[in-house]
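These are the residues of each chain, in order.
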Amino acid sequence: MLTPHQVQCIHSLIRDCGQLAQKMAAEPFQVYEKGVADYVTNVDRTLDRKLAAGLMSLFPGDRIITEENSESWRSFLEPEGAFWFIDPLDGTDDFIHHKPHYAVMVGLLEQHQPIAGWVGAPAFDRLYYGGQDWGLFEVVGDRGAEPLLPKEPPPPSTNHCPILLGYKDQKRYGDAIQQFVPAARFDSIGSFGLKVLRVIGGEAGIYIYLNRRVKLWDTTGPLAMAKAAGLVCCDLAGNPLRFTPDAINLDTLAHRQTIVVGWQSYVETLLEPLQKAIAQVGLLDQPS
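These figures come from a predicted structure and were not determined experimentally.

1. Examining the environment of Q179
No. 1: The residue Q179 is located in helix 4 (residues 167-180) in this model.
No. 2: The spacing of Q179 and L136 is 43 residues in sequence and 36 Å in space, taken between C-alpha atoms.

2. Here's the deal with the pattern of salt bridges
For side chains of opposite charge, pairing can occur when their charged atoms come near one another.
No. 1: For the structure shown, the criterion picks out eight salt bridges.
No. 2: For E203, the salt bridge is made with R198, and the minimal N-O distance between the two is 3.9 Å.
No. 3: Among the residues examined, E203 registers a relative accessible area of 54% and is labelled exposed.
No. 4: Ionic contacts of the salt-bridge type, sharing partners, join the residues D187, R198 and E203 into one network.

3. Examining the pairing of strand 6 (residues 113-121)
No. 1: In terms of burial, strand 6 is largely enclosed, as eight of its nine residues are buried.
No. 2: Both strand 5 (residues 103-110) and strand 6 contribute to a ladder of seven bridges, which runs antiparallel. Across the sheet, the residue bridging to L109 is P114, located in strand 6.
No. 3: Taking the residues between adjacent antiparallel strands as the criterion, strand 5 and strand 6 are bridged by two residues, where Q111 takes a positive phi near 50 degrees.
No. 4: One ladder, built from six bridges, connects strand 6 with strand 7 (residues 126-131); its direction is antiparallel.

4. Quick look at the pairing of strand 5
No. 1: Counting buried positions over the eight residues of strand 5 gives seven, a clear majority of the element.
No. 2: For strand 4 (residues 82-90) and strand 5, the ladder comprises seven bridges, and the chain directions are antiparallel. Residue pairing in the sheet places I86 in a bridge with V106 of strand 5.

5. With respect to the sheet that holds strand 11 (residues 184-187)
No. 1: With respect to topology, five strands assemble into an open sheet ordered 11-10-12-16-13, the strand pairing being mixed. Of all the strands in the sheet, just strand 11 and strand 13 (232-234) have a single pairing partner and so form its edges. Going from strand to strand, the sheet's axes swing by 20 degrees on average, the running direction of each strand aside.
No. 2: Alignment of strand 10 (residues 161-165) against strand 11, held across four bridges, turns out to be parallel. Across the sheet, residue L164 finds its bridge partner in strand 11, namely D187.

How each quantity is defined
Residues numbered from 1 in each chain as written. Predicted model: local features only at pLDDT ≥ 70, side-chain atom pairs only at ≥ 80, totals over all residues. Heavy atoms only, no water. Helix = DSSP H or I, 4+ residues; strand = E, 2+ residues; numbered from the N terminus. Salt bridge = Lys/Arg side-chain N within 4 Å of Asp/Glu carboxyl O. Buried < 20%, exposed > 50% of the residue type's maximum accessible area, 1.4 Å probe, protein only. Pairing = 2+ DSSP bridges. Axes fitted to C-alpha atoms, helices over the stretch in contact; angles between N-to-C directions.

Listed below in structure tokens is the structure:
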């Protein structure tokens, strides 16, 4: 259990980092290529260090794993315990192109289960957080926290089926999915965390992530919140998502599973046609 003081310190830390990101975005910043179509900025690195230092001071006995400090990834192999995952800028591509849908994220994994998460949206001056046996909350600006109530959308029908699908997945699989789900209407934004929040808020019924490049710092916080909202979190085959080392690529901390997050009515209705659509195209990245 986190104390009210610890929760408030986490909120202040994330909001401070969000305000710093906004300030640095208004000035020239540096962009580097980490890998193929994988970019990082000096803003990511600055926030990464600030978040890590803040969480280390709050939780000195826990493991702090951050996206931009690959040395920290090794601690994921240590015995079970509490792991804090930091994504300093979730949706870096959107940040680079001055789009608003990026987030500052923190997630807590205990006994290899996501139990709490924080998603800060600096461009909107909002913070979303919550988790297992805790509930969901929203903070606007410097106001107090208010309950965030999940909103289930109408079930999928022959003329209504809102789906969140990443830009790359939509380009590769969108046409095939449309064949098997004619009512599918696709939408996407940059941040994994903000996409999950759109499902929690009922703006889409399901979010599908297929290319297996998403990492633990992308998923831990948002999926803790998704579970708290009562959403189904599984892979394309319907298996529960796993966070144990055998289910993770230990070189990158990427999930080996595909990811499906959605309301039960959408998952039950769409899983089989989605499987057929993806099988028709073939998964681009097989688990390693």
